[in-house]
Amino acid sequence: MELKKYTEQFERLETPFYFYDIDLLKKTFAEAKLHVQTIQNSMLHLAMKANYNETILRYAQQAGFGIDAVSGGEILRADQLGFSHNKIVFAGVGKTDKEILIALDRDILCFNVESIDEIDVINNLAGKRGKNASLAIRINPNIDPHTHKNITTGLKENKFGIELEDLIPTILKVQNLPNVNYYGLHFHIGSQIMEYSCFVSLCHKINEIQDTLESLGIHTHSINIGGGLGVDYESPQEHPIPDFKGYFNIFKNNLKLRPGQTFHCELGRALTAQYGALISRVIFVKKARTKQFAILDAGFTDLIRPSLYQAHHKAINLTSNKPQETYDIVGPICETTDTFEENATLPQTQRGDLVALLSAGAYGHVMASQYNYRELIKEITSEQLKKS
Ligand SMILES: *Cc1c(COP(=O)(O)O)cnc(C)c1O
C-alpha cells in the first residue's frame, strides 16, 4: 500500500482514523476471484466479521462474493446492501432464536450448525415458519493450525463444531427431521494460518470423511472449508496481496470434490487486512531513563489486536525521514496493555508526526470500543480522499 502519497491529505484530517486503499482492495478481490474460480462450482464468501465497512461490502458484492455471517445483524446488513440471500451462510455456536428467524425469513443458503440442540431449534422454528432450512454441519476436524492459541478453532478442546465421531448420527438425525435438510459439511480450523500443510491435512480429512459418507449412500451437496488464510504482518509492503494462488491450488490439487458438489470458502483477514491502515498522530515523545515512548492518539480502543492476541502491526512514520531510533509505541489509554509495540524502530519521531499501523483492515475497526468515553474511530477510503 502506497501511503506516503496521501500524507498531505492525512495532515489535514483529524486523527486517528482507519484508511482503506480502494485500488489495493480491487486488486486483492480480483486476485482472489481469479484463483477461486479455478475450482469447480466455487463461491467465495467474505467473512463479514473481519470488516463490515459499507464501501468494502459493496465492492465484495460487485465482485460476486457471498457473505459468511456470524450474527443476525450481519445478515441484515448483507441484506440491506443487496447480497443475494442464496449467497449468505450463517455460522456461530450461539445463534439466538431471533437470529435464526432473521435467517429463515431471508431464505439464506445454509446454516453452518455447531450442535445437536441447535439443529432441533432450527427445525422447530423452520416448522413454525413453514420452511425447510438447509444445514451444513460444522465438523471439528482436530487439526492444529499452528497459529496463536486464541485464534485456533478446530481442535478438540475448542468450543466450535461437532466432533467427528458424532457426524454420522447427526446427519441421520437431520435427515429424519421434517423442516431441515442435510446440505453439506463445514470446517474452519483457525485464523492467520501460514503453514499450508494444515490446509493439506484438512483436504485429506475431508476426503476420508467423504469416502465414509459415500459408502453409506449419504449425498453431500456442498463442502465449505472456512477461512484462515494468513497475511504478512511483518512485511506488508512486500506482500500487499495474500497468496490466493498458492492457497486455492492446495484445494484444487488435494480436495476430491464429487461431481456437482459446490465448494465454499470464507475468507475474512485475507480479503480485508492489507489495504487497511490505522493513521494516528504522535501526541508526545516521552523520554524515560532507559527508553523512549512514542505516545499515539490511537489506543487499544481503536485497534485491540496487539493487546488481545499479542499481534504485531508494523508501524511506519509517514512524516519523518530522520535516522532510526528505538521507541515503545503506546496509546493514551490508562492501561499497561495499551501498547502497540515495544522496542520498535522508527525514524526519529516528534510530536505531531503521523504514524501508520499497517495491515489493520481486518479485525480492526469492527473491534473498536468507546472505553474511556472516547469517540468511536472513523473510517476513510482513498475514494473519499480523491473527491475532497
Ligand atoms: C472468522 C471466521 C472466518 C474468517 O476467518 P479469517 O481467518 O479471517 O479468514 C471464516 N469462517 C468462520 C466460520 C469464521 O468464524
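A.B. asks: What exactly am I supposed to notice about the site of the ligand here?
C.D. replies: As a matter of local geometry, the ligand sits amid 15 residues, with Lys49, Ser191, Glu266, Arg269 and Tyr363 nearest to it. The contact in question runs from an oxygen atom of the ligand to an N or O atom on the side chain of Lys49, over 2.7 Å. One nitrogen or oxygen atom from the side chain of Glu266 is found 2.5 Å from a nitrogen atom belonging to the ligand. Of the residues in the shell around the ligand, the class split is four nonpolar, six polar and five charged.

A.B. asks: Please explain the packing of aromatic side chains as it appears in this structure.
C.D. replies: Two measures describe an aromatic ring pair: the distance that separates the ring centres and the angle between the ring planes. For the coordinates displayed, the defined rule picks out 15 aromatic pairs. Geometrically, the ring pair formed by Phe10 and Phe17 is edge-to-face, given 5.5 Å between the ring centres and 65 degrees between the ring planes. The pair Phe10 / Phe17 is uniform in exposure class, with both members buried. An aromatic cluster of three or more residues is present, and its members are Tyr196, Phe199, Tyr247, Phe248, Phe251 and Phe263. The side chain of Lys95 reaches across the aromatic face of Phe90, ending 5.4 Å from its centre.

A.B. asks: Whenever I open this one, the domain arrangement of the protein confuses me. Can you help?
C.D. replies: Interfaces are often sized by the amount of accessible area the parts lose when they come together. By domain assignment, the protein separates into domain 1 (4–17 + 275–387) and domain 2 (22–272). Each of domain 1 and domain 2 was reduced to a C-alpha centroid, and the two centroids are 33 Å apart. Taken together, the contact pairs 22 residues of domain 1 with 26 residues of domain 2. Our enumeration of links across domain 1 and domain 2 arrives at zero salt bridges. Counting every contact that joins domain 1 to domain 2 gives seven residue pairs in polar contact (both at pLDDT 80 or more). For the side of domain 1 that touches domain 2, the elements supplying multiple residues, two or more each, are α11 (305–309), β17 (378–381) and α12 (382–387).

A.B. asks: I would appreciate a short explanation of the environment of Lys33 in the present structure.
C.D. replies: Residue placement: Lys33 occurs in helix α2 (residues 22–36). Lys33 sits in the partly exposed class, given a relative accessible area of 29%. Between the C-alpha atom of Lys33 and that of Phe300, which follows or precedes it by 267 residues, the distance is 33 Å. Other than its neighbours up to four places away in sequence, Lys33 contacts Ala63 and Phe65.

A.B. asks: Even after reading the chapter, I still don't get the packing of α2 against helix α9 (residues 244–254), so can you show me in this structure?
C.D. replies: Relative orientation and spacing of two packed helices are given, respectively, by the angle between their axes and the distance between those axes. Running from amino to carboxyl end, α2 crosses α9 at an angle of 20 degrees, the nearest separation of the two axes being 9 Å. Here α9 runs roughly parallel to α2, going by the angle between their axes. Helix-helix and strand crossings are classified by hand; for α2 and α9 the assignment is right-handed. Residues Thr28, Glu31, Ala32, His35 and Val36 of α2 form the contact with α9, whose participating residues are Phe244, Lys245 and Phe248. Residues belonging to the contact of α2 with α9 are distributed by class as follows: four nonpolar, two polar and two charged.

A.B. asks: I keep staring at the environment of Gly64 and nothing clicks. Help me out?
C.D. replies: Note that Gly64 resides in the loop between α3 (54–62) and β3 (66–69). Once the C-alpha coordinates of Gly64 and Leu44 are considered, the two residues, 20 residues apart in sequence, prove to be 8.2 Å apart.

A.B. asks: In this structure, what is going on with the pattern of salt bridges? I would like to understand it.
C.D. replies: Between side chains of opposite charge, a pair can form as their charged atoms come close. For the structure shown, the criterion picks out twelve salt bridges. Across the pair Arg106 and Asp79 runs a salt bridge whose closest N-O atoms are separated by 2.9 Å. Residue Arg106 is located in the loop between α5 (97–105) and β5 (110–113), and its partner Asp79 is located in helix α4 (residues 72–80); the two are separated by 27 residues in the primary sequence. The exposure class of Asp79 is partly exposed, given its relative accessible area of 26%. Two residues, Asp211 and Arg258, come together in a salt bridge whose shortest N-O distance is 2.7 Å. Taken together, the positions of Asp211 in helix α8 (residues 196–215) and Arg258 in the loop between α9 and β10 (262–267) put the pair 47 residues apart, joining distant regions of the chain. Since its relative accessible area comes to 44%, Asp211 is described here as partly exposed.

A.B. asks: Can you help me understand the packing of α2 against α3 in this one?
C.D. replies: Following both chains from N to C, one finds α2 and α3 inclined at 30 degrees, their axes separated by 11 Å at the closest point. Crossing handedness for the pair α2 and α3: right-handed. Of the residues in α3, those in contact with Ile22, Leu25, Lys26 and Phe29 of α2 are Thr55, Ile56, Tyr59 and Ala60. When grouped by side-chain class, the residues that make up the contact of α2 with α3 number six nonpolar, one polar and one charged.

A.B. asks: It is not clear to me how the nonpolar core should be interpreted in this structure. Could you clarify?
C.D. replies: Note that soluble globular proteins tend to have their nonpolar side chains buried in a common cluster. The biggest cluster of nonpolar side chains holds 109 residues, and the ones touching the most others in it are Leu3, Phe111 and Phe251. Looking at which element gives the most residues to this core, the answer is α8, with seven residues. Among the domains, domain 1 (4–17 + 275–387) and domain 2 (22–272) are the pair contributing at least three residues each to this core. Formed by six residues, the second largest nonpolar core is a distinct cluster that contains Ala50, Val231, Tyr233 and Tyr363.

A.B. asks: Looking at this model, I keep getting lost on α8. Mind explaining?
C.D. replies: Owing to its 3.6 residues per turn, the α-helix aligns residues three or four sequence positions apart on the same side. The end-to-end C-alpha distance of α8 is 29 Å, a good match for the 28 Å that 20 residues give at a rise of 1.5 Å each. Along α8, the positions that sit buried rather than exposed are Cys198, Phe199, Leu202, Cys203, Ile206, Asn207, Ile209, Gln210 and Leu213. In the core, the buried residues of α8 are packed alongside β6 (133–140), α7 (167–176), β8 (180–186), β9 (222–224) and α9.

A.B. asks: Hey, could you run me through α3 in this one?
C.D. replies: Residues Ile56, Leu57, Tyr59 and Ala60 constitute the buried set of α3. Looking down the long axis of α3, one finds its buried residues gathered within 160 degrees of arc, a one-sided arrangement. Regarding α3, its N-cap is Asn53, as a side-chain oxygen of that residue lies 2.9 Å from the backbone nitrogen of Thr55 further along. At the exit of α3 stands Gly64, carrying a positive phi of roughly 90 degrees.

Each value, and the rule that gives it
Residues numbered from 1 in each chain as written. Predicted model: local features only at pLDDT ≥ 70, side-chain atom pairs only at ≥ 80, totals over all residues. Heavy atoms only, no water. Near = heavy atom within 4 Å. Polar contact = N/O pair within 3.5 Å; in protein donor to acceptor, adjacent residues only side chain to side chain. Nonpolar A, V, L, I, M, F, W, Y, C, P; charged D, E, K, R; others polar. Phe/Tyr/Trp six-rings, centres within 6.5 Å; stacked < 30°, edge-to-face > 60°. Buried < 20%, exposed > 50% of the residue type's maximum accessible area, 1.4 Å probe, protein only. Lys NZ or Arg CZ within 6 Å of the ring centre and 35° of its normal. Domains from an automatic or database assignment. Contact = heavy atoms within 4.5 Å. Salt bridge = Lys/Arg side-chain N within 4 Å of Asp/Glu carboxyl O. Helix = DSSP H or I, 4+ residues; strand = E, 2+ residues; numbered from the N terminus. Axes fitted to C-alpha atoms, helices over the stretch in contact; angles between N-to-C directions. Parallel < 35°, antiparallel > 145°, perpendicular 65-115°, else oblique. Left-handed = near helix turned anticlockwise from the far one by under 90°. Core = buried A, V, L, I, M, F, W, Y, C linked by side-chain atoms within 4.5 Å. Expected span 1.5 Å × (residues − 1). Arc of directions from axis to C-beta.

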